[in-house]
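Single-letter residue listing:
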Amino acid sequence: MPAAQQTDPDRDAVPRPGGIRLGRPFGVPLSLSPTWFLFAAVITLVFAPTVAFRVPGPSAYLVAFSYAVLLLLSVLVHELAHALVARACGMTVTGIVLNVWGGHTSFREEAGGPGRSLLVAVVGPVANGAIALVAWQATQAVADGPGGGGVAALLLWALTISNVLLAVFNLLPGLPLDGGHALEAVVWRLRRDRLAGTVAAAWTGRVLAVGVLVAALVVPRLLGWRTSVVDVVWGALVGALLWQGASQALTWATQRRRLPTLSARALQRPAIGVPARATVEEVVRSARAAIDSGATRGTDADLEVVLLTDDGVPVAVVDTGALRSVPAERRTSLGAGATARALPPRAWVPQDLAGEQLLRAVTARPGEHVVLDAAGRVAGLLHTGDVVAVLTRR
């Protein structure tokens, strides 16, 4: 049952509202995904036969469900450890979500360095180790009491084993596990390159994903153990989850590598600005004059026209299709605004905007952005899709 941490704003979005809101422990928004109940059902059905040796009848399922709740609390402690240490390191924690796979903690920004990233990563498994130690000591105390502890000893022993497994599994050095973030931080420190660490940990995560699947399907047969359909399906699902998380990390790293190539100047489409009160005929003449004089690259087919207020503020973009459909006899009387689509307020970017700042600008307000030169004149038109295409091309 992996637990993970994920970082906004580039790798992940701010957590979407949803699920069952459980409050704000230590000021951190906490929610329970409905998928957790699937996990609880599986744990209850698997653990109930073991409990039935000590608690016969339907009560065995209630005890087994109690164990699922204890696991939920263990994951919560794990995620709170991530959240509180991240906050101490100056990061903004945006939420914790508990789900069928365990849970994840989301942050608005990245750790300030590899040392802080390593600390945030390992504290979760350490918390599970601490729970295992406390549960084991409690098991010994209960077992020494009258009746050998009964159901309480069984639950505490199961809690000990599960938290040991959680700690060990999450420390495996592959993304999206905590051990993957730790490996990422180590490589980051050695190579002085965060993305090199991400790539190394992501590929290790893919190897682990295959390993989990092989372990679920092959190892039990080699050892002569009996396997159940639940074991195989669960192993396959965990392997698929690890593969997906590792692949997302690789995609993120590839996109981050391409950030320096983003440039409003390079990605802008040719455009000119004309007064918003201009007629269709005046727009056509202005476009042809700009092309003929070589003032802008492009042809009638790809040149964009931006309508400006008297103060030079971009307010609309002419729809060239609608412009061409205007009958010749109406072009001198019809205002260009009748063929334009309105721009949202402040939908412009400076021509020298590049890299991560450009990406943030266009994703904060998707759509069209007028590109302005140093003098505040229209230099081009930038589409969010063109920026995204550079990052996501294969």
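Above this text you will find the structure in question.
Residues numbered from 1 in each chain as written. Predicted model: local features only at pLDDT ≥ 70, side-chain atom pairs only at ≥ 80, totals over all residues. Heavy atoms only, no water.

Colleague: Describe the nonpolar core, naming the residues involved and giving the relevant values.
Modeller: Counting 46 residues, the largest nonpolar core has Phe-47 and Leu-98 as the members making the most contacts within it. Listing elements by their share of this core, those giving two or more residues are β3 (30–32), α1 (36–51), α2 (59–88), β4 (93–99), α3 (114–143), α4 (150–170), α6 (194–217) and α8 (229–258). Take this core: its biggest share by element is 14 residues, from α2. Apart from the residues within four sequence positions on either side, Leu-98 is in contact with Leu-30, Ser-31, Leu-32, Ser-33, Leu-72, Val-75, Leu-76, Glu-79 and Gly-103. Counting residues in hydrophobic clusters, the runner-up holds 17 residues, among them Val-280, Val-305, Leu-323 and Val-326. (Core = buried A, V, L, I, M, F, W, Y, C linked by side-chain atoms within 4.5 Å. Buried < 20%, exposed > 50% of the residue type's maximum accessible area, 1.4 Å probe, protein only. Helix = DSSP H or I, 4+ residues; strand = E, 2+ residues; numbered from the N terminus. Contact = heavy atoms within 4.5 Å.)

Colleague: Talk me through the pattern of salt bridges; I want residue IDs and the actual numbers.
Modeller: Counted by the stated rule, this structure contains 9 salt bridges. Between Arg-269 and Asp-386 there is a salt bridge; the shortest N-O distance is 3.0 Å. In this pair, Arg-269 is assigned in strand β6 (residues 269–275) and Asp-386 in helix α13 (residues 384–392), connecting sequence segments 117 residues apart. Overall, the relative accessible area of 32% leaves Arg-269 in the partly exposed class. Residue class for Asp-386 comes out partly exposed when judged on its relative accessible area of 22%. In this structure, Asp-310 engages Arg-277 in a salt bridge whose closest nitrogen and oxygen atoms are separated by 2.3 Å. Of this pair, Asp-310 sits in the loop between β7 (304–308) and β8 (314–318) while Arg-277 sits in the loop between β6 and α10 (280–292), and the two are 33 residues apart along the sequence. Per residue, the accessibility class of Asp-310 equals that of Arg-277, and both read exposed. When salt bridges with common partners are traced through the structure, they connect Arg-256, Glu-356 and Arg-360 into a single cluster. (Salt bridge = Lys/Arg side-chain N within 4 Å of Asp/Glu carboxyl O.)

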